[in-house]
Every structure is written in C-alpha cells, then in structure tokens.
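Spelled out, the chains give:
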Amino acid sequence: MKRKNITIIHKSFVLTVLVSILFSCQSCQNTDDNFNTVPPPTSETVDVDFFLTRADESALFSRQESGISAFNDNANFSINVSDGTIYQEMDGFGYSLTGGSALHINNMSASSRSALLNELFKWDDNNIGVSYLRISIGSSDLDEAPFSYNDLPSGETDVNMSNFSINKDKENLIPVLKEILSINPNIKITATPWSAPAWMKTNQSTIGGSLRTEYYEAYANYFVKYIEAMAAEGITISALIPQNEPLNETNNPSMVMQPVEQANFIKNNLGPALQTAGIFTKIIAYGHNPDRTDFPITVLNDNDANPFIDGSAFHLYAGRIDNLSLVHNAHPDKNIYFSEQWVSANEAFSDALKWHARELLVGAPRNWSKTVLEWNLAADANQDPHTDGGCTECLGAVTIEGNNVTKNVAYYIIAHAAKYVRPGSVRIESNFSTELPNVAYKTPDDSIVVIVLNNTGTKKDFNIKVADKPITTSLDAGAVGTFVW
C-alpha cells in the first residue's frame, strides 16, 4: 500500500532556530560579513497512515493529512503496542451475501455492478478489500421467499437426494459470487442453512421444528451435494456452520438444533460424510449468541464430535462479547468466529458506529475471533426483500436503488479493518481502555495496525506507542481511527 507522510516540526528544532537567531542578533553590530544566515528548520516524517470516521459523518473512512505528530512527553493515556505477544491469526472481515443482496447487485447494469464489487472486494489504494463472506445454504430470511435445494410436495421424501438442485442460486447468488471471485480469488466463504428441507423436519414447516433423526444421514448427504455443486461452479466453501441460530425457532426459515443433537449429527453423519467424500471444508459449531456458552462447549466436549470441529461461531443479539473467551478457554485448540450482526435501519449512524466498533471491531478479536462479519451486504431503501416473518429493518452495508448506491454504517465499520488487517494478520498485545477501546495487529507485510474508538462523549487526546515510532493523536467523541505503521 502506498502511504502519504505527515510532516511535523519538533519543539527541539524550534529551540535550535531561536538560539541561532539570538547569536545572529548579537553579531548584527558587526560587519555584514560576520552575519550568520539562519538555516531553515529540519523536519521529521511520521510514516503513519490515519483513516478516520466521525460520528457526525463529516469524515467517512477518509485518509487524514494531519492529526498525528511524533510523541512528546505528556500526561495523556498511552496505548502500548507490542508484537512480542501474539494471539490468533485473522481470516478476514466482511458481510453476509444474502439472496436479497445478490438480487439487488445482479440487477444492476454491468458497469455499475463492476464498480461496486471492485470497490468492495478489490484490494488496492482505492478500495477496501473485503476478505470474507457468509452465504446461506438455501434461503435466509432475507430472500423473497423460503426455499431449500430439495423442496417436495407434502408427504413426499427423497433420502437419496435425487431431486437436489442449486438452480435457485444460479439466478443471482452464483453469478455475483463468480464476479467477486474474479476480483478476489482468495476470498473465504462460509455457508450455513437456516433450515433443512421441510420434509425432513418434525413439524413439516420452514419455521421452527427439528431435524428428524431418521433423516440425519440424508441431511449429511445434502451438505455433501451442496459443497460439490458449488465446487462445480468454481466456488469453494471453506467452512460450514450446520445450523444458523440453532436456538431460534421463530424466524422464517429457522430450525432448532439442541447441542446434543448437533454433536450427534456432526460425529455420526456430517463429519464422516465429508470425510468419505474427500471434502476438507471446516465444520464450525453453534452460530448463535454468547449468552449460551454451554451450547458450543457441550458440542466440543463430545469426544467423538470434537475431532471434526474447527471451532465455534457467534452472533451478539444476547450475552456479552467477552463470553467468547470463556469458550476459547474451555477449548483453546479450537477457533472462534464472529459471523453475524445486523444494523437497524432505525438506528442513528453515531450509535451504530460506536456500538459495532466497540463490540465487534475491537471486542470480537480481543476475545479470540478470527473473523468479524456484519449482516446483509445490500438491501433497497425499504430493507427488502425478506421472507414473510423475516427481518423488516435490516439495513444493508449499502442501499441499492437501481444503479444508485448509498454506503451505510456497516460499510465503514468493516472498511476500518478489512483494508489493512489482511488475512494472515495476527492480533498482538495492546493495553485496554474503556474510554479508548483498541485492538492491534501485525500484518503479513510486517505493518502494525491499531484500530481505536473514542468511547466517550468528549474529544480525547492520547498516544500510541509502537516500537520506535510512537505518536500523539486525538479522536472526536464517538470517532473511529485506523492507524497503520
């Protein structure tokens, strides 16, 4: 990445100039030949990039040409950064590409769609380089209507998956994914179902109910068929979450899967089925709120399910973000992922910016998460489409009306991390402050990245001490800054 230097003049240089002027004046009464010309002051460059988003939207992930200076002794709080202590490796930052998101993007003109997707997924000086996506297996609640890949008339079954088809995804989702992959072939994609086909469920409905035990094997085959079908389209599914929000029985679609049921399905069916098919897609447990840490811990405690599981995924609609560390501590050999959080269309930009920066951008990685994913990538001005019973006020990271695109708060939240905290970056040590929540990384190219939120109601001056290049800076109330060394 090309950087612009911010130039500052140290107090010591100013003092040198004043002393030179004093001596020069003392010799002014001598001849002109004795007059000493004062040289121009020397300056030092601070090789640090600074990107800023303000709560009042006067700066929106914009590079700052001022606002930082070389550190001078002061009484302000210091964020002390050390790459001597390394935590988890990051997989990436991004969004859920819902069926509705894909619908709006695919309906744009080719040139407008290309411009939007490049801005989102290309990684260069001008674009943010989103590095991770989550998609639904079948429909989510942000499709026009619920569907699976094997829907049948009432009373019919298809345990051999003879009628399995991803044709519905070929309308919008797959074309958009292929265009994204042409821009970023290395993007990671996690997939999760909101429900099994209704004929497999205890209540024969897209809403609620559970997976009937006699269909566990058929459902495992459903996942295998899905991964193979997507691979045939050139789309690699890097990870599976077997059930979105397994304790949510009211969404449309939805399906309940209790922890013992999930452990049984993984160890007896899904894990062996993927293994037999030679599929190396990761299995990630849970995918719901950290108020129920007993769920992923119970699944991981199952000695037969455990070897098939890469880690656990979380949303934050209940519970505390630091509960993710409880799961990490119970099974430190397993990974943590943050896979969804929505922004309400009725929420103020400033409130959403502060909460998501504090809880997700800073809180999730500081509690071992390898990813931070916001919810829907795109919707229209009415927050459509959604199923009957689906989310009616989920604000997209972008709003799309025809070929017109409006960037919303989730766009900027993810931009603050995605652009510089590239896959393979590692979280490193930094001291925590409730007033200035922060997280620090070392990137694959040895850059240091520090993301800071001013979590107070007033402007805060502070220091960031990174090795031999400490700086002094400030953030307005509720502002977010990304600093790159």
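Residues numbered from 1 in each chain as written. Predicted model: local features only at pLDDT ≥ 70, side-chain atom pairs only at ≥ 80, totals over all residues. Heavy atoms only, no water.

### Remarks on the packing of aromatic side chains
Condition: Note on aromatic pairs: the rings of Phe, Tyr and Trp (six-membered ring only in Trp) are paired at centre separations within 6.5 Å, and the planes decide the class, stacked below 30 degrees, edge-to-face beyond 60, tilted for the rest. The helix count covers DSSP runs of H or I at least four residues long, the strand count covers runs of E at least two residues long, and both are numbered beginning at the N terminus. Think of it in three bands: with a 1.4 Å probe and only protein chains considered, a residue is buried below 20% of the maximum accessible area for its type, exposed above 50%, and partly exposed in between. Only when the NZ of Lys or the CZ of Arg is both within 6 Å of the ring centre and within 35 degrees of the ring normal is a charge said to sit over the ring.
Enumeration according to the criterion identifies 22 aromatic pairs in this entry. Between F164 and Y222, the ring centres sit 5.4 Å apart and the planes meet at 85 degrees, which makes this aromatic pair edge-to-face. Note that F164 is positioned in the loop between β10 (132-137) and α4 (173-183) and Y222 in helix α5 (residues 216-232), a separation of 58 residues in sequence. Under the relative-accessibility criterion, Y222 is labelled buried at 1%. An aromatic cluster is defined as three or more aromatic residues linked by ring pairs; in this entry it consists of F147, Y149, F164, Y216, Y219, Y222, F223, Y226 and F265. The ring of Y87 has R427 sitting right over it, with the charged end atom 4.0 Å from the ring centre.

### Some details on the nonpolar core
Here is the rule: By convention a nonpolar core is built from buried Ala, Val, Leu, Ile, Met, Phe, Trp, Tyr and Cys residues, the set being connected through side-chain atoms within 4.5 Å.
Counting 109 residues, the largest nonpolar core has Y95, L97, I135, L211 and Y226 as its most contacted members. Looking at which element gives the most residues to this core, the answer is α5, with 11 residues. Judged by nonpolar contacts, the second largest core, of 24 residues, contains V48, I79, I428 and F483.

### Comments concerning the sheet that holds strand β5 (residues 68-70)
Worth spelling out the cut-off: Two strands qualify as a pair provided that DSSP identifies no fewer than 2 bridges between them. Every residue pair with non-hydrogen atoms within 4.5 Å of one another is taken to be in contact. Only the contacting stretch of a helix is used when fitting its axis, a line to C-alpha atoms as for every element, and angles between N-to-C directions run 0 to 180 degrees.
Pairing is mixed across the open sheet formed by 10 strands, whose spatial order is β4-β3-β25-β22-β21-β20-β6-β23-β24-β5. The outermost strands of the open sheet, each flanked by one partner alone, are β4 (62-63) and β5. The sheet contact formed by β5 and strand β24 (residues 471-475) spans three bridges and is antiparallel. In the sheet register, I68 faces β24, and the bridge partner there is T473. Strands β3 (49-53), β6 (77-89), β20 (426-430), β21 (438-442), β22 (448-453) and β25 (480-484) of the sheet are contacted by helix α9 (residues 349-366), whose axis makes an angle of about 50 degrees with β21. The sheet strands contacting helix α10 (residues 409-418) are β3, β22 and β25, and the helix crosses β3 at an angle near 165 degrees.

### A word on the sheet that holds strand β17 (residues 378-379)
Hydrogen bonds between backbone groups are what pair the strands of a sheet, and the pairing can be parallel or antiparallel. Across the sheet, three strands lie side by side as β17-β18-β19; this open sheet has mixed pairing. Bordering the open sheet on either side are β17 and β19 (404-407), each of which pairs with just one other strand. Alignment of strand β18 (residues 398-401) against β19, held across four bridges, turns out to be antiparallel. Bridge pairing in β19 places V398 opposite K407.

### Digging into the pairing of β22
Summarising burial for β22: six of the six residues are buried, a large majority. Every second residue of β22 is oriented toward a common face, with I448, V450 and V452 on one face and V449, I451 and L453 on the other, all of them buried. Bridging between β21 and β22 involves five bridges; their strand directions are antiparallel. Residue A440 lies in a different strand from β22, and its bridge partner there is V450.

### Observations concerning empty space enclosed by the protein
Empty pockets left among the atoms are what a rolling probe the size of a water molecule brings to light. Threshold: Residues are called lining when one of their atoms sits within 4 Å of a cavity or pocket point, these points coming from a 1 Å grid over the protein atoms alone, where a cavity is a set in which a 1.4 Å probe fits but cannot get out and a pocket is an open set with protein on both sides within 12 Å along at least five of seven lines. Grid points are joined across faces, edges and corners, and a volume is the space filled by probe spheres set on the points. Any residue outside Ala, Val, Leu, Ile, Met, Phe, Trp, Tyr, Cys, Pro, Asp, Glu, Lys and Arg is labelled polar, Gly included; the first ten of those are nonpolar and the last four are charged.
For the coordinates displayed, the defined rule picks out five cavities of 30 Å³ or more. The calculated volume of the largest cavity comes to roughly 50 Å³. Forming the walls of the largest cavity are Y132, R134, T190, I241, I284, A313, Y337, S339, T371 and L373. Of the residues contributing to the lining of the largest cavity, the split by class is six nonpolar, three polar and one charged.

### Considering the confidence of the model for the chain
The cut-off we apply is this: Every residue is assigned a pLDDT by the predictor, reflecting its confidence on a scale from 0 to 100.
Confidence along the chain averages 92 in pLDDT terms, with 91% of residues attaining 70 or more. Across the chain, element-level confidence peaks in strand β15 (residues 335-340) with a mean pLDDT of 99 and bottoms out in helix α1 (residues 11-26) with 35. Confidence over residues 2-43 falls short of pLDDT 50; this stretch has 46 contacts with residues more than four positions distant or in other chains.

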